[in-house]
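# Structural overview
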Amino acid sequence: MNTEKKRPSWAEPYKIKSVELIHMTTREEREAAIREAGYNTFLIRSKEVYIDLLTDSGTSAMSDKQWAGLMVGDEAYSGSENFYHLLEAVQEYYGYKYLVPTHQGRGAEHLLSQIMVKKGDYVPGNMYFTTTRLHQELAGGTFVDVIVDEAHDPASRHPFKGNVDMDKLDRLVQKVGADRVPYISLEGNVNMAGGQPFSMANLKELNAYCRQHNIPIMLDATRTIENAWFIREREEGYADKSLRSILREICDLTDGCTMSAKKDLLVNIGGFFACNDEEVFLKAQNMVVVYEGLHTYGGLAGRDMEAMAIGIREAVNEDHQAARIGQVRYLGDLLRKAGVPIVNPIGSHAIFLDARKFLPHIDQDDFPAQALAAELYLEAGIRAMERGNVSAGRDPETGRNRRPALELVRLTLPRRVYTQAHMDVVAESVIRLYENRDQIKGLKMIYEPEYLRFFQARFEPLS
Ligand code: PLI
């Protein structure tokens, strides 16, 4: 039942039993901390952060039931009871036949890419995700962006900016041939586009096309329950359906998934690969013992799998998602009302500041989003994440910065962690920065690691 309809507010469907105290820092402390961190928010020690909006990945608060689940961890090397609980939950809610647990999402991406991508293949996807694309490239493939154009425009109010552009996909298939396309990588609630959903109509069209060309659809199911929320809210015919049934309909139109359980599924660590094809499953089951651990734990403790199995059931709860999405919108509305440029429509897991509009005086190669994230930390001790030119990396052919259309700062909300008063503080701080935006200067990159540079790169302020 959609309880949001009965109630205009989104109060949290839980009460607080235990709290974690946080440290309030002085401006002086923050100046030292950000300098020490090379102006990269990933490199700040968490004890120096007041409100941590770096990511919603592994940062959510587990429920008392999940914590209790940790105590029934069956830590057998093989055949842990918790693996079977997880298998039952994945089969019941996601509907895939076979399951291989992994330590987190990129472990599953590694298996999928190594099994299905051959050198010279092309992997189309509805926008890149950093680790997903890297694993495709490491397996010898080339990622091709086939998302609708609107996804690259922060101002576009398209309700389904996560949709696949079927013409772009068909052009690729015609050009390289379907046998060079091992699968399409379809992400729910596209992270890098601002947490934007695909529609069921688009997925049905994609499914029909892929059946015709014999191309599997591999879902990045990381935030697909949140995607189901938007389908119900915005797509005709879904208003009275449960999140659970929409999730199942999505999965039934796909051939398998990779999962970072650290998001939708409310755990601090965990992931899995799931599919319906026995041959693919057997390969994944065999490969996981090389890279992660035995196929009934895949790099996890039994207790982690139990918490994940319980997390699946809690994540499809209607009131949980109403509060989750309500909180993100609350923050977004405060910023929008103050004229702060953000990505529209507001997605489910974060508010994305449009750093191009926020800091039009900074060239993209001077990393405006990185500079804005550093400034926000300095101003208020709030930690956000750059999702722009640093995250996009370099084009392997030209060696130049990719200069993506989206130059964003992500204020990511962990699930069940912060209160409405924290959101007020975040909004006030961002608005203050916006009023003084002319003072903010760009950054110069002084250390650049080879892979996924945004995690460890270091910067210096431009004088
Ligand atoms: O961080 P992992 O390895 O559990 O998952 C990788 C991953 C895969 N797909 C998507 C859509 C993600 O968002 C994702 C990880 N995201 C992180 C860490 C984030 O901060 O958004």
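Residues numbered from 1 in each chain as written. Predicted model: local features only at pLDDT ≥ 70, side-chain atom pairs only at ≥ 80, totals over all residues. Heavy atoms only, no water.

### Some words on the overall build of the chain
Looking only at helices and strands, the chain features 16 helices and 14 strands. Its C-alpha radius of gyration of 21 Å places the chain within 12% of the 23 Å reference for a compact globule of 463 residues. Expressed along its principal axes, the backbone C-alpha trace of the chain runs to roughly 60 × 55 × 45 Å. For the chain, buried positions account for 60% of its 463 residues. Put simply, of all contacts in the chain between residues at least 6 apart along the chain, 73% involve residues at least 24 apart. Side chains of the chain carry 56 positive and 66 negative charges; the gap between the two charge centres is 2 Å. (Helix = DSSP H or I, 4+ residues; strand = E, 2+ residues; numbered from the N terminus. Rg over C-alpha atoms; globule rule 2.2 N^0.38 Å. Buried < 20%, exposed > 50% of the residue type's maximum accessible area, 1.4 Å probe, protein only. Contact = heavy atoms within 4.5 Å. Lys, Arg positive; Asp, Glu negative; His and termini not counted. Charge placed at Lys NZ, Arg CZ, Asp CG, Glu CD.)

### With respect to the sheet that holds strand S11 (residues 385-387)
Read from one edge to the other, the open sheet built from three strands follows the order S9-S12-S11, with strand pairing classed as antiparallel. Each having just a single partner strand, strand S9 (350-354) and S11 make up the two edges of the open sheet. Across the sheet, the axes of successive neighbouring strands diverge by a mean angle of 35 degrees, strand direction being ignored. Running over the sheet, helix H14 (residues 368-380) touches S9, S11 and strand S12 (408-412) and is turned about 40 degrees from S12. (Pairing = 2+ DSSP bridges. Axes fitted to C-alpha atoms, helices over the stretch in contact; angles between N-to-C directions.)

### Focus: the pattern of salt bridges
With the rule as written, the count across this model stands at 29 salt bridges. A salt bridge links Lys-17 to Asp-64, with the shortest nitrogen-to-oxygen separation between them at 3.3 Å. Within this pair, whereas Lys-17 is found in the segment before helix H1 (27-36), its partner Asp-64 is found in helix H2 (residues 64-70), the two being separated by 47 residues in sequence. With a relative accessible area of 70%, Lys-17 lands in the exposed category. Owing to a relative accessible area of 43%, Asp-64 belongs among the partly exposed residues under this scheme. Where Arg-416 meets Glu-314, a salt bridge forms, and the shortest distance between an N and an O atom there is 3.1 Å. (Salt bridge = Lys/Arg side-chain N within 4 Å of Asp/Glu carboxyl O.)

### With respect to unusual backbone geometry
Note that the residue after Asn-344, namely Pro-345, is joined by a cis bond; omega there is -15 degrees. Residue position: Pro-345 is located in the loop between helix H12 (318-337) and S9. If you check the backbone angles, Tyr-39 has positive phi at about 55 degrees while not being a glycine. The phi angle at Asn-189 is positive, at roughly 45 degrees, despite the residue not being glycine. For Asn-189, a relative accessible area of 0% puts it in the buried group.

### Regarding the site of the ligand
Close to the ligand lie 18 residues; Thr-55, Arg-106, Asp-220, Ser-260 and Lys-263 are nearest. Between the ligand and the protein, one listed contact pairs an oxygen atom with a side-chain N or O atom of Thr-55 at 2.7 Å. Notes on the ligand: free accessible area 470 Å², of which the protein chains cover 95%. Sort the elements by how many residues they give to the shell around the ligand and helix H4 (residues 105-116) lands first, with three residues. Grouping the constituent residues of the shell around the ligand by class yields two nonpolar, eight polar and eight charged. (Near = heavy atom within 4 Å. Polar contact = N/O pair within 3.5 Å; in protein donor to acceptor, adjacent residues only side chain to side chain. Areas by Shrake-Rupley, 256 points an atom, 1.4 Å probe, with all protein chains shown as cover. Nonpolar A, V, L, I, M, F, W, Y, C, P; charged D, E, K, R; others polar.)

### Considerations on the packing of aromatic side chains
Per the counting criterion, the structure on display carries nine aromatic pairs. Between Tyr-94 and Phe-272, the ring centres sit 6.1 Å apart and the planes meet at 75 degrees, which makes this aromatic pair edge-to-face. Here Tyr-94 is found in the loop between helix H3 (81-93) and strand S2 (98-102), whereas its partner Phe-272 is found in strand S8 (residues 271-275), with 178 residues between them in sequence. Each member of the pair, Tyr-94 as well as Phe-272, carries the same accessibility label: buried. What links up through ring pairs into an aromatic cluster is the set Phe-42, Phe-454 and Phe-455. A cation sits over an aromatic face here: Arg-133 above Tyr-128, 4.0 Å from the ring centre. (Phe/Tyr/Trp six-rings, centres within 6.5 Å; stacked < 30°, edge-to-face > 60°. Lys NZ or Arg CZ within 6 Å of the ring centre and 35° of its normal.)

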